[in-house]
Amino acid sequence: MSILNENFLWGGAVAAHQLEGGWDQGGKGISVADVMTVGAHGQPRKITDGVLMGENYPNHEAIDFYHRYQADIQLFAELGINCFRTSIAWTRIFPKGDESEPNEEGLQFYDDLFDECLKHGIQPVVTLSHFEMPYHLVTAYGGWRNRKMIDFFLHFAEVCFNRYQDKVTYWMTFNEINNQANYQEDFAPFTNSGVRYKAGENREELMYQAAHYELVASALAVKAGHQVNPKLKIGCMIAMVPIYPYSCDPEDMMAAVSAMQKRYWFTDVHVRGKYPPYLMKYLKRKNFKMDMTEADIRALTQGTVDYIGFSYYMSFAVKGGGKGPAFDYDESRDLVSNPYVKASDWGWQIDPLGLRYAMNWFAERYELPLFIVENGFGAIDEKLPDGTVDDQYRIDFLKAHIESMKEAVEYDGVDLMGYTPWGFIDLVSAGTGEMKKRYGFIYVDKNNAGQGTLARSKKKSFDWYQQVIKSNGEKL
Ligand code: P53
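Residues numbered from 1 in each chain as written. Predicted model: local features only at pLDDT ≥ 70, side-chain atom pairs only at ≥ 80, totals over all residues. Heavy atoms only, no water.

1. Thoughts on the site of the ligand
In the neighbourhood of the ligand, 16 residues make up the surrounding shell, with Q18, E374, A430, K437 and Y439 lying closest. At 2.5 Å from an oxygen atom of the ligand is found a side-chain nitrogen or oxygen belonging to Y439. Computed on the free molecule, the ligand has an accessible area of 480 Å², of which 93% lies beneath the protein chains in the complex. Applying the majority rule of atoms within 2 Å of the grid points places the ligand in the largest pocket. Here the shell around the ligand is built from residues that sort into eight nonpolar, five polar and three charged. (Near = heavy atom within 4 Å. Polar contact = N/O pair within 3.5 Å; in protein donor to acceptor, adjacent residues only side chain to side chain. Areas by Shrake-Rupley, 256 points an atom, 1.4 Å probe, with all protein chains shown as cover. 1 Å grid on protein atoms, 1.4 Å probe; cavity = no way out; pocket = protein on both sides within 12 Å on 5 of 7 lines; lining within 4 Å. Sits in = over half its atoms within 2 Å of the grid points. Nonpolar A, V, L, I, M, F, W, Y, C, P; charged D, E, K, R; others polar.)

Next comes the structure, spelled out in structure tokens:
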């Protein structure tokens, strides 16, 4: 008997733009990821006005999964995964985003990819929008600041549900929709919503507007998916970074409550189909003029999600003092480092118990099944002279997190569907565009400058994860 149920979904997670490459092949259009250059820790990726000569765009080739997926899936099968979380690149299906007819070559690519997975007993788990919306929708419509996006997304979603309903059961609408709560930086509003701020704009107000349209689009897509086929399970996808109070000072505690509200209200809307009172009060107090119609409010209630997909990498901490009764949270200002945990080379705080905390938080609040669709350790791997990689640090990280997740199931009774570690084959980092921030059990020979043979090889963690799956999580 194992702690995890026997149908547990053991997999690996990726996103189309971070591994496929083939950015201009098969009729694919330019996505927002295609106009982002390589960066580094502390050096943000540049967003350029279209694709410019002489810039390094790491997603253009990525790891060339587009041409190599058959051999890669062979390796995935050897690893033993029973599900593969990827996204459908919106620009393969609708190159510009506003066409009425989809691109058949793009649709065929995902038919072939999903068939190849299924042939090996691996079911695809699909995210519809993972930081890769058509760039044309940014230049022609301003991205999700525009209500028209709802129709474009819904059309894309319906085409996908109809086409792949017999191959894909588990879907998610918007990847880490709540990253844009950090509207102070340019990255998340662009990757989430295709929003580029103009000087003098109220960033926060715009973020709420874009997120509102996305939540309506998500609800309409969930409803449409269920109409296409009632057996489809459609979830949301939230970046879960629990925010702890820095101390037991009641001011710190209340600051943490308020910070959690500002980061996770998105889940309230996805799950409950309505805005939480604390947020309605906030929007009113800020005097934000939201375009939110009666029809929107109705749509939200009709497309609540079937499960909560979430990523977990780290936790944050916040201090309360001097915030006044509103305890308003500003992510770029209020975070403090946690003295009880270590951090990765990229400054991400390592906190396995935080995963159990997060699972409890979700489970108590929403009473829905949970799916951990990302977790992992981005690190610099060194190839040893014999060609292997001894990534014991990655094994240690994942082992501790899987232990914590099992405890949430065993002691806290959390309903958990599955676990898909992020970037289980090395790919392009979303945050920095680097190759050297690696997450994989499978090494890919390529560096930040884009050089390398792209050859695949197994790291030490490959064998480790294989036995984890084989024992249904008992042998760590
Ligand atoms: P990278 C920020 C915070 C937490 C998760 O991230 C994040 C981000 C955005 O960088 O993104 C998710 O590659 C995302 C993936 C991404 C992964 O986490 O920056 O869903 O696309 O690759 C890891 O190390």
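2. Description of the layout of surface pockets
Here the largest pocket is characterised by a volume of approximately 1,400 Å³. Lining the largest pocket are 50 residues, and of these N182, E185, F187, W348 and G431 sit closest to its centre. When residues of the lining of the largest pocket are assigned to their parent elements, the largest contribution, three residues, is made by helix α7 (residues 187-193). When its residues are assigned to classes, the lining of the largest pocket shows 24 nonpolar, 16 polar and ten charged. (Points joined across faces, edges and corners; volume = space filled by probe spheres on them. Helix = DSSP H or I, 4+ residues; strand = E, 2+ residues; numbered from the N terminus.)

3. A word on the environment of Y313
Following the sequence through the fold, Y313 ends up in the loop between β7 (307-311) and β8 (316-318). Spatially, the C-alpha atoms of Y313 and G273 are 27 Å apart, while their sequence positions differ by 40 residues. Among residues more than four places away in sequence, those in contact with Y313 are E176, W348, Q349, E374, N375, G376, F397, W422 and Y439. Looking at Y313, its side chain comes within polar contact range of the side chain of E374, at 2.6 Å. (Contact = heavy atoms within 4.5 Å.)

4. So, helix α14 (residues 392-410)
An α-helical turn contains 3.6 residues, so any two residues separated by three or four positions project in the same direction. The terminal C-alpha atoms of α14, which comprises 19 residues, lie 26 Å apart, in line with the 27 Å expected from a rise of 1.5 Å per residue. Along α14, the residues that are buried comprise R394, I395, F397, L398, H401, I402, S404, M405, K406, A408 and V409. Elements in contact with the buried residues of α14: β1 (9-13), β11 (349-350), α13 (352-366), β12 (370-374), β13 (416-419) and α15 (460-470). (Expected span 1.5 Å × (residues − 1). Buried < 20%, exposed > 50% of the residue type's maximum accessible area, 1.4 Å probe, protein only.)

5. Overview of the sheet that holds β8
With respect to topology, three strands assemble into an open sheet ordered β6-β8-β9, the strand pairing being mixed. Since the sheet does not close on itself, it has two edges, and those belong to β6 (243-245) and β9 (335-336), each with one partner. As paired strands, β6 and β8 are joined by three bridges and run parallel to one another. Pairing of P245 across the sheet is with V318, part of β8. Against the sheet, helix α9 (residues 250-272) engages β6 and β8, with an angle of about 165° to β6. (Pairing = 2+ DSSP bridges. Axes fitted to C-alpha atoms, helices over the stretch in contact; angles between N-to-C directions.)

6. Topic: unusual backbone geometry
Of note in the backbone geometry, F131 takes a positive phi value of approximately 60° without being a glycine. Position of F131 relative to the elements: it lies in the loop between β3 (123-129) and α5 (135-141). According to the relative accessible area criterion, F131 is buried, its value standing at 6%. Of note, L454 is a non-glycine position whose phi angle comes to about 65°, a positive value. Of note, L454 is situated in the loop between β14 (442-444) and β15 (456-458). Overall, L454 belongs to the buried group, its relative accessible area being 5%.

7. Things to note about the pairing of strand β5 (residues 233-239)
Look at any regular strand and the pattern is simple: side chains alternate between the two faces of the sheet. Within β5, six of the seven residues are buried, which leaves the element mostly enclosed by the surrounding structure. With five bridges joining them, β5 and β7 adopt parallel strand pairing. When the sheet's bridge partners are listed, A239 is paired in β7 with S311.

8. With respect to the pattern of salt bridges
Oppositely charged side chains are able to pair whenever their charged atoms sit close together. Inspection of the entire model under this criterion finds 35 salt bridges. A salt bridge links R163 to D111; the shortest N-O distance between them is 2.7 Å. Placement of R163 in helix α6 (residues 148-164) and of D111 in helix α4 (residues 104-119) is noted, with a sequence separation of 52 residues between them. Accessibility expressed as a relative area gives 27% for R163, which makes it partly exposed. The class for D111 is buried, based on a relative accessible area of 8%. When the shortest N-O distance is used, the salt bridge between R365 and D268 registers 3.2 Å. Of the two residues, R365 is situated in helix α13 and D268 in helix α9; the sequence distance between them amounts to 97 residues. Classification of R365 as partly exposed rests on a relative accessible area of 30%. Overlapping salt bridges, with partners in common, bring together D381, D391, R394, D426, R438 and K459 in one network. (Salt bridge = Lys/Arg side-chain N within 4 Å of Asp/Glu carboxyl O.)

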